[in-house]
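Observations on the model geometry
Below, each chain spelled out in residue letters.
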Amino acid sequence: MTTITNERAQRAEHGSPDKLRTAIGSAVGTTIENYDFLAYGTAAALYFNTVFFHAEDPVVGVLLGFATFGIGFAMRPLGGLIGGYLGDKIGRKPVLVGALLLMGISTVLIGVLPTYAQVGILAPILLTLIRVIQGIAFGAEWGGAILMTFEHAPWKKRGRYTAIPQAGVPLGLLLANLVFLWSSNLDSELAWRLPFLLSAVLIIAGLIIRAKVSESPEFVDTKTAGLVVKNPLKEVFKNDWRTILRVIALRLAESGGFYVIVTYMLSYLTSGDEPITDRATALTGLIIAACIGLFTTILFGALSDRIGRKPVYLVGTLALIAFAFPMFLLVNTGVPYLIVFVYIIGMSIIHDALAGTQGAWFSELFNTNTRSSGASVGYQFSAAISGFIPLIATAVAVPLGWGGVAWVYMACGALGLIGTLVTRETWGAKNRAAVDAVIASR
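Rules and cut-offs
- Residues numbered from 1 in each chain as written.
- Predicted model: local features only at pLDDT ≥ 70, side-chain atom pairs only at ≥ 80, totals over all residues.
- Heavy atoms only, no water.
- Helix = DSSP H or I, 4+ residues; strand = E, 2+ residues; numbered from the N terminus.
- Rg over C-alpha atoms; globule rule 2.2 N^0.38 Å.
- Buried < 20%, exposed > 50% of the residue type's maximum accessible area, 1.4 Å probe, protein only.
- Areas by Shrake-Rupley, 256 points an atom, 1.4 Å probe, with all protein chains shown as cover.
- Core = buried A, V, L, I, M, F, W, Y, C linked by side-chain atoms within 4.5 Å.
- Contact = heavy atoms within 4.5 Å.
- 1 Å grid on protein atoms, 1.4 Å probe; cavity = no way out; pocket = protein on both sides within 12 Å on 5 of 7 lines; lining within 4 Å.
- Points joined across faces, edges and corners; volume = space filled by probe spheres on them.
- Phe/Tyr/Trp six-rings, centres within 6.5 Å; stacked < 30°, edge-to-face > 60°.
- Patch = residues over 30% accessible without salt bridge, like charges linked within 9 Å, V, L, I, M, F, W, Y side chains within 5 Å.
- Salt bridge = Lys/Arg side-chain N within 4 Å of Asp/Glu carboxyl O.
- Axes fitted to C-alpha atoms, helices over the stretch in contact; angles between N-to-C directions.
- Parallel < 35°, antiparallel > 145°, perpendicular 65-115°, else oblique.
- Left-handed = near helix turned anticlockwise from the far one by under 90°.
- Nonpolar A, V, L, I, M, F, W, Y, C, P; charged D, E, K, R; others polar.
- Arc of directions from axis to C-beta.
- Expected span 1.5 Å × (residues − 1).

A few points about the overall build of the protein
Helix and strand counts for the protein stand at 22 helices and zero strands. In terms of C-alpha radius of gyration, the protein reaches 21 Å, essentially the compact-globule figure of 22 Å for 442 residues. Dimensions along the principal axes, computed over C-alpha positions, put the protein at roughly 75 × 40 × 35 Å. Counting all 442 residues of the protein, 57% fall into the buried class. Summed over its atoms, the accessible surface of the protein is roughly 16700 Å², and 69% of this surface lies on carbon and sulfur atoms.

This is how it looks when you write it as structure tokens:
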């Protein structure tokens, strides 16, 4: 057995020495990224309809707020293209640090923007420009964080390890909504400005941690072997375009469903002449679900290590479809504990089953030298669509009411179900047996 084979077998069994530090460093950065990005979604639902958009009709104001929310998502494919390309060409780590820095600066700038009352139409223009920068940064972030963790992890625990940075989604959501819950008691512009300004503290901590993370060992192996391709984007679009389409469908179920519950539902519950509940109750539901999600995301990732990626995802998409109408029937009662229950089922169970499985499954679908490009492009092109889900849901609700939004939610699940059925299993019994054979050969 050659030295390289021995090293690969060692890595297959134990991962790299930096596997845990890398996972935590990626999770911290992903938490900050999601805090920054989701803070905008919360502010768009609760404040921006009046602060930046001077609309007499409240529904129009919410639509405009969600439109700029969607613009950030529309820019994520560009960030995915740039970050994926650079991740495959120069390494995963530089992309991680650069994306985090760009995201943090743009978020802090939102906290100091002038309002419509102060500078008129310039306010929403500046907000939109910053939102574009946020979208590019966030688009570059995910691929680097997930792939760094995936490529450092033991092969038999890649689902569990890649779920750790995915847990940054509920943690970022938790932090963002805790801050908004606290700041909602302030009787001034600080109620929406402080959550963005506090990002400065998080960004410094994140940069310090990520600077200590070592480069992906698989990327180093690829570079040493001279296997870095000249144009990874061209390569992956030429050879793996079908896989990219599958990833888009799989991701739409998770992200589309997520933004119905996290962003649209918050506005639905707290807006209108007779709101269903107050902001405190809605935010409390989000916070409790996010707390639980810190654990369930990792548990679902670990479950995919035991039974495969596809079965976990299949059950998650079926549950999403089945929950569409019951979700609204429950929150329409206005009963606080039922509203909290909806957030727990929709986020901590259904969403996290999908999110906890994605990191490993999407990474395993592509070769190492085009993995960053392929996974990032598929993930972020889907985000460009799902980012407009709150806008679509709000528009559909005008003529059709909550039933129309339930159909939107169900459609996201149906697309994910189709994607699951046509995507190959990457960690089935044969795959697990092959890895066991590699480990046993040491």
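Focus on the nonpolar core
One broad trend across soluble globular proteins is that nonpolar side chains are buried collectively. Among the nonpolar cores identified, the biggest contains 82 residues, and F48, F52, F196, M327, Y343 and Y409 are the most heavily contacted of them. Ranked by residue count, the leading element in this core is helix α15 (residues 241–270), at 15 residues. Setting aside anything within four residues of it in sequence, one finds F52 in contact with L113, P114, T115, Y116, A123, P124, L127 and W192.

As for empty space enclosed by the protein
Taken as a whole and assessed by the stated rule, the structure comprises one cavity of 30 Å³ or more. Within this model, the largest cavity holds a volume of roughly 160 Å³. Looking at the lining of the largest cavity, the elements with two or more residues in it are α2 (19–46), α8 (122–152), α15 and α18 (336–364). Here the lining of the largest cavity gets five residues from one element, more than from any other, and that element is α15.

Here we look at the packing of aromatic side chains
Using the criterion set out here, one finds 10 aromatic pairs in the structure. Here W142 and Y379 contribute two aromatic rings whose centre-to-centre distance is 3.7 Å and whose plane-to-plane angle is 10 degrees, an arrangement assigned as stacked. You can see W142 sitting in helix α8 and its partner Y379 sitting in helix α19 (residues 371–386), a full 237 residues away along the chain. The residues W142 and Y379 share a single accessibility class, namely buried. Pairing F325 with W402 gives two aromatic rings, centres 6.1 Å apart and planes at 70 degrees, and the pair type is edge-to-face. A residue pair is termed long-range when its members are at least 10 positions apart, and F325 in helix α17 (residues 309–331) and W402 in helix α21 (residues 402–422) qualify at 77 residues. Here F325 falls in the partly exposed class, since its relative accessible area comes to 24%. Of the residues examined, W402 reaches a relative accessible area of 27% and is grouped as partly exposed. Through successive ring pairs, a cluster of aromatic residues spans Y264, Y268, F325, F328, W402 and W407.

Focus: a nonpolar patch on the surface
Together, V119, I121, L122, I125 and L129 make up an exposed nonpolar region whose accessible area comes to about 440 Å². Among the elements that take part in the nonpolar patch, α8 stands out by supplying three residues, more than any other. Looking at the secondary structure, you find I121 in the loop between α7 (116–119) and α8. The exposure class assigned to I121 is exposed, which follows from its relative accessible area of 58%.

Some remarks on the packing of helix α10 (residues 168–183) against helix α11 (residues 190–197)
Across the interface, α10 lies against α11 with an axial gap of 9 Å and an inter-helix angle of 150 degrees. It follows from the interaxial angle that α10 and α11 lie roughly antiparallel. Remark: the crossing between α10 and α11 carries right-handed chirality. Between α10 and α11, the contacting residues are V179, F180, W182 and S183 on the first element and L190, A191, W192, L194, P195 and F196 on the second. Residues that form the contact of α10 with α11 fall into these classes: nine nonpolar, one polar and no charged.

Describing the environment of I209
With respect to the secondary-structure elements, I209 resides in helix α12 (residues 199–211). Taking C-alpha positions, I209 is 18 Å from G143, a pair spaced 66 residues apart along the chain.

With respect to helix α14 (residues 232–239)
Residues of α14 that are buried: P232, L233 and V236. Viewed end-on, α14 has its buried residues packed into an arc of 100 degrees, placing them on one side of the element. Seen from the open side of α14, the exposed residues pointing more than 90 degrees away from its buried face are K234 and K238. The inward-facing, buried residues of α14 abut α5 (76–89), α15 and α19.

Side note on α8
Here α8 contains 31 residues, and its C-alpha end-to-end distance of 46 Å stays within 8% of the 45 Å for a straight helix at 1.5 Å per residue. Judged by how many residues are buried, α8 sits mostly within the fold: 23 of 31 residues are covered.

Details of the packing of α8 against α18
It is at 10 Å that the axes of α8 and α18 come closest, and there the two elements cross at 85 degrees. Judged on the interaxial angle alone, α18 and α8 are roughly perpendicular. Counting all contacts with α8, which are made through W142, I146, L147 and F150, the residues of α18 involved are G359, A360, F362, S363 and E364. Grouping the amino acids of the contact of α8 with α18 by side-chain chemistry returns six nonpolar, two polar and one charged.

Topic: the environment of I276
Position of I276 relative to the elements: it lies in the loop between α15 and α16 (279–307). Residue classification places I276 among the partly exposed residues on the basis of a relative accessible area of 25%. Separated by 58 residues in the primary sequence, I276 and G334 place their C-alpha atoms 5.4 Å from one another. Setting aside anything within four residues of it in sequence, one finds I276 in contact with Y268, L269, V331, N332 and G334.

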